[in-house]
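Listed below are the residues making up each chain.
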Amino acid sequence: MTDTPWQGDASSLVDAFRAGERSPVEETEATLAAIGNSKLNSFSFVDPERALEAAKSADVSLPFGGVPTGIKELEQVKGWPDTGASLAFANRVATVNSNSNKLLFNRGGVVPVGLTTASEFGGLNVSITKLNGVTHNPWRHGRTVGGSSGGAAASVAGGLVSLATGGDGGGSIRIPAGYTGLLGMKGTFGRITRGPVAFSRPNTVVQGNLSRSVRDAARFYDVCAGVDPYDPTSLPSAGDWEANLGTHDLAGLRVAVVPNLGGVTLEDGVEQRIRDEAAALMADNNMVQVNVDVRPPNLAAQWMMGNLSTLLVELGDMWPKCAKDLTDEVAIGLYLSQSMYNLRTAAVAEEMRVEANQAMARAFEQVDLIIAASNPGPAFPAESSMSSTENNLIEKAKSSTAAKGALRTALFGTKLASTFAPKLPSNLLGRVSEKFPEMVNMGALTIIANIYGNPAVSIPAGTVGGLPVGMQVLARHHEDPLLFDVALAVERERPWPIVAPAVTDAA
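Okay, so let's go over this structure. All figures in this text were calculated on a predicted structure; none of them were measured in a lab. (Residues numbered from 1 in each chain as written. Predicted model: local features only at pLDDT ≥ 70, side-chain atom pairs only at ≥ 80, totals over all residues. Heavy atoms only, no water.)

Focus on the overall build of the chain
As a reminder, the rule being used: Every helix listed is a DSSP run of H or I at least four residues long, and every strand listed is a run of E at least two residues long, numbered separately from the N terminus. We call two residues in contact when some of their heavy atoms are within 4.5 Å. With residues, only the protein chains shown are counted as cover, and all accessible areas are computed by Shrake-Rupley using a 1.4 Å probe.
Secondary structure summary: the chain contains 18 helices and 13 strands in total. Sequence-distant contacts, at least 24 apart, represent 78% of the contacts inside the chain between residues at least 6 apart. For the chain, the exposed surface amounts to about 18700 Å²; the carbon and sulfur share of it is 51%.

Below, the structure is given as structure tokens:
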């Protein structure tokens, strides 16, 4: 009898199944029991009956055959809740499987056990919603796991499941990976299908997973990457991601170390931790550090407005009557976007996007890799929607009109800031000055890779104050295999904890 879920990676669990050392049914039973006893609040829905039936018929010859797996609640699983993590859709049920989940279920052979918590519509980098409450960090209860794939990260790092799906439209895989000591890979845009509903804007979302090992992430690519006619942006896949691990010669690669990419203010200890980890990576693999000034414009506000246009499609005639059911940040974002977004702001946004593309292209003409932090600091309190760094920015903005103007210009750029004249409902006016800077500053380290569309991975990089820190490594478009090998080099030279130490200590 298996009393505790598998505490290794998903690939080794499959090996144990094939060797007859574990059984999918016993593993699923242990997983369901652990989820039921967990205080992480990382699952919003669990389906024991379906999970056990899938476990009984699991084909362990498949890549993830029999592995109990969490599915991010923003993805569709036929017959399961399709809430978008929002009260507005609390009673909606999915009528189809997302195309990436079809591949994971059929080609991968996973045992889906339930839905992991996320931020509402994936709009924030924390996992707090009116529908599900607060998700906690397994490294330290009461600390955030980030978002939007927060429940996925908490479930994997918390020892509940060895694999969970995620999506990254502005850092939503890398941010929670960084906060929980996991590997978080965001592939080149189009790497994994967004079908059957693939909006043409803002063209930033990449599906993926939260994993305990590099080989799990590569195997996930083997299962889910490839062309899908429902997603015209989807890319071909050779299907040999795991087999090709470790085949790159990293010697001589040129590396720019820019911990505060985009000019983000980092909390004490983070910059030194990233520089130390980067120095060890470069020394171990004979890489060459190159000093490059990488300063792409901050397009967080434009990214937000582009995302919210697709949300309006989903809400339809429910908006704005449903505003009271939404988190403040999402409701304010919708009102602001409606008032601000027009032909002029669209033109400025496109101009800034080209500037960002050019800034990144110039950088990658000089270097092969860019290393930055994944988050400004370690995990902050779970019930807060912002880090202490972001809170300090907002407090300064409250202090004077000049400070507000400076912050607004920093967020929008001079051209767009001059058009800032939103007309909001009176009951929201008092909260805009506090919430809006937070909304567009969150994820500032990670959004650039979504805007530019290049691959980026968050690799565990030790701790600050006893909490994990992620080292984000960015590469050129389509060089996902290179990033896997960079992460593999770190994994081999400085292995990270497979699950949070708090879980190991309690076992």
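Some remarks on the nonpolar core
Put simply, the rule reads: Side-chain atoms within 4.5 Å link the members of a nonpolar core, which is a set of buried Ala, Val, Leu, Ile, Met, Phe, Trp, Tyr and Cys residues. Each residue is assigned to one of three classes by its accessible area relative to the maximum for its type, calculated with a 1.4 Å probe on protein chains only: buried under 20%, partly exposed between the two thresholds, exposed over 50%.
Leu369, Ile370, Ile459 and Met471 are the most contacted members of the largest nonpolar core, which totals 106 residues. Considering each element in turn, this core owes the most residues, eight residues, to helix 17 (residues 480-493). Ile459 has contacts with Leu183, Val469, Gly470, Met471, Val473, Val486, Ala487, Val490 and Trp496, leaving out every residue within four places of it along the chain. In this structure, Leu32, Phe43, Ala157 and Leu210 belong to the second largest nonpolar core, which totals 22 residues.

Quick look at the layout of surface pockets
The cut-off we apply is this: In the cavity and pocket records, a cavity denotes points on a 1 Å grid over the protein atoms alone where a 1.4 Å probe fits but cannot get out, a pocket denotes an open set with protein on both sides within 12 Å along at least 5 of 7 lines, and lining residues are residues with an atom within 4 Å of a point. Grid points are joined across faces, edges and corners, and a volume is the space filled by probe spheres set on the points. For this scheme, ten residues count as nonpolar: Ala, Val, Leu, Ile, Met, Phe, Trp, Tyr, Cys and Pro. Four count as charged, namely Asp, Glu, Lys and Arg, and the remainder, Gly too, count as polar.
Here the largest pocket is characterised by a volume of approximately 1200 Å³. Lining the largest pocket are 46 residues, and of these Leu74, Phe121, Val205, Thr310 and Glu314 sit closest to its centre. Residue contributions to the lining of the largest pocket peak at eight residues, all from helix 9 (residues 300-315). Of the residues contributing to the lining of the largest pocket, the split by class is 16 nonpolar, 19 polar and eleven charged.

Digging into unusual backbone geometry
Gly195 connects to Pro196 through a cis peptide bond whose omega is 10°. In this fold, Pro196 is placed in the loop between strand 7 (183-186) and strand 8 (206-211). Geometrically, the link from Trp319 to Pro320 is a cis peptide bond, its omega value of 5° lying close to zero. Residue Phe121 is not a glycine yet carries a positive backbone phi of 55°. Among the structural elements, Phe121 can be located in the loop between strand 3 (111-116) and strand 4 (128-129).

Re the pairing of strand 3
Selection rule: Note: two strands are recorded as paired if DSSP finds a minimum of 2 bridges between them.
Counted residue by residue, strand 3 has six buried out of six residues, so it is predominantly covered. Sheet topology places strand 1 (residues 43-46) next to strand 3; three bridges connect them, and they run antiparallel. Residue pairing for strand 3: Val46 is matched across the bridge by Gly114. Here strand 2 (residues 68-72) pairs with strand 3 via five bridges, running parallel. Bridged to Lys72 within strand 3 is Thr116.

Let's talk about the environment of Arg92
Inclusion rule: Under the rule applied, a polar contact is a pair of N or O atoms within 3.5 Å (in protein, one hydrogen donor and one hydrogen acceptor; residues adjacent in sequence only if both atoms are side-chain atoms).
Assignment of secondary structure puts Arg92 in the loop between strand 2 and helix 4 (99-108). For the pair Arg92 and Pro81, spaced eleven residues apart in sequence, the C-alpha separation works out to 6.0 Å. Apart from the residues within four sequence positions on either side, Arg92 is in contact with Pro81, Asp82, Thr83, Gly84 and Glu314. A polar atom in the side chain of Arg92 sits 2.6 Å from the backbone oxygen of Asp82.

Considerations on the sheet that holds strand 11 (residues 369-373)
Operational definition: Only C-alpha atoms enter the line fits that serve as axes; for helices the fit covers just the stretch in contact. Angles between N-to-C directions range over 0 to 180 degrees.
Sheet architecture is open: eleven strands sit in the order 1-3-2-6-8-7-12-13-11-9-10, paired in mixed fashion. Each having just a single partner strand, strand 1 and strand 10 (288-289) make up the two edges of the open sheet. Sitting on the sheet, helix 4 is in contact with strand 2, strand 3, strand 6 (163-168) and strand 8, with an inclination near 180° to strand 2. In this fold helix 17 packs onto strand 7, strand 11, strand 12 (456-464) and strand 13 (467-474), with an angle of close to 20° to the strand it touches most, strand 12.

Some points on the side chain of Thr69
Take Thr69: it is sitting in strand 2. A relative accessible area of 0% means that Thr69 is categorised as buried. Within the local environment of Thr69, its side chain forms a polar contact with the backbone oxygen of Val67, the two atoms lying 2.9 Å apart. Leaving out residues up to four positions away in the same chain, Thr69 has contacts with Leu104, Val110, Val111, Pro112, Val113, Gly114, Leu163 and Ala164.

Here we look at the pairing of strand 11
Burial of strand 11 is extensive: five of the five residues sit out of reach of the surface. What you see with strand 11 is no split at all: Leu369, Ile371 and Ala373 on one side and Ile370 and Ala372 on the other are buried throughout. The sheet contact formed by strand 9 (residues 254-257) and strand 11 spans three bridges and is parallel. Paired with Val257 across the bridge in strand 11 is Ile371.

A closer look at the packing of aromatic side chains
Centre distance and the angle of the planes are the two values used to describe a pair of aromatic rings. Note the following rule: Between rings of Phe, Tyr and Trp, where Trp is taken as its six-membered ring, a pair exists when centres lie within 6.5 Å; planes separated by under 30 degrees are stacked, by over 60 edge-to-face, and by other angles tilted. Geometrically, a lysine NZ or arginine CZ counts as sitting over a ring once it is within 6 Å of the ring centre and also within 35 degrees of the ring normal.
Applying the stated criterion across every chain, the model contains eight aromatic pairs. Look at Tyr221 and Trp241: their rings are 4.8 Å apart centre to centre, the planes differ by 85°, and that puts the pair in the edge-to-face class. Taken together, the residues span a long stretch of sequence, with Tyr221 in helix 7 (residues 214-224) and Trp241 in the loop between helix 7 and strand 9 at a distance of 20 residues. With respect to class, Tyr221 is no different from Trp241; both count as buried. The ring of Trp80 has Arg50 lying over it, and the distance from NZ or CZ to the ring centre is 5.2 Å. Geometry around Phe89 places Arg92 over its ring, the cationic atom sitting 3.8 Å from the centre.

A short note on the environment of Glu73
With respect to the helices, strands and loops of the structure, Glu73 is situated in the loop between strand 2 and helix 4. C-alpha separation for the pair Glu73 and Gly114, spaced 41 residues apart in sequence, amounts to 8.5 Å. Residues in contact with Glu73, not counting those within four places in the same chain, are Ser44, Thr83, Gly84, Ala85, Leu115, Thr116, Thr117, Ala118 and Asn132.

Quick notes on the packing of helix 2 (residues 24-37) against helix 3 (residues 48-56)
For the record, the criterion: With respect to orientation, any angle under 35 degrees is reported as roughly parallel, any angle over 145 as roughly antiparallel, any angle of 65 to 115 as roughly perpendicular, and every other angle as oblique. Here is the rule for handedness: rotate from the far helix to the near one, and if that takes an anticlockwise turn smaller than a right angle the crossing is left-handed, while a clockwise turn gives right-handed.
Two elements in contact, helix 2 and helix 3, have axes separated by 8 Å at closest approach and are oriented at 160°. In terms of their interaxial angle, helix 2 and helix 3 are classed as roughly antiparallel. Along this stretch, helix 2 crosses helix 3, giving a crossing that reads as right-handed. Taking contact as the criterion, the partners of Pro24, Val25, Thr28, Glu29 and Leu32 in helix 2 are, on helix 3, Pro48, Ala51, Leu52, Ala55 and Lys56. Across the contact of helix 2 with helix 3, the residue classes break down as seven nonpolar, one polar and two charged.

What about the packing of helix 8 (residues 270-285) against helix 17?
Relative orientation of the contacting elements helix 8 and helix 17 amounts to 95°, with a least axis distance of 11 Å. In terms of their interaxial angle, helix 8 and helix 17 are classed as roughly perpendicular. Contacts between helix 8 and helix 17 involve Glu277, Leu281, Asp284 and Asn285 on the former and, on the latter, Val486, Ala489, Val490 and Glu493. Classifying every residue of the contact of helix 8 with helix 17 by side-chain character gives four nonpolar, one polar and three charged.

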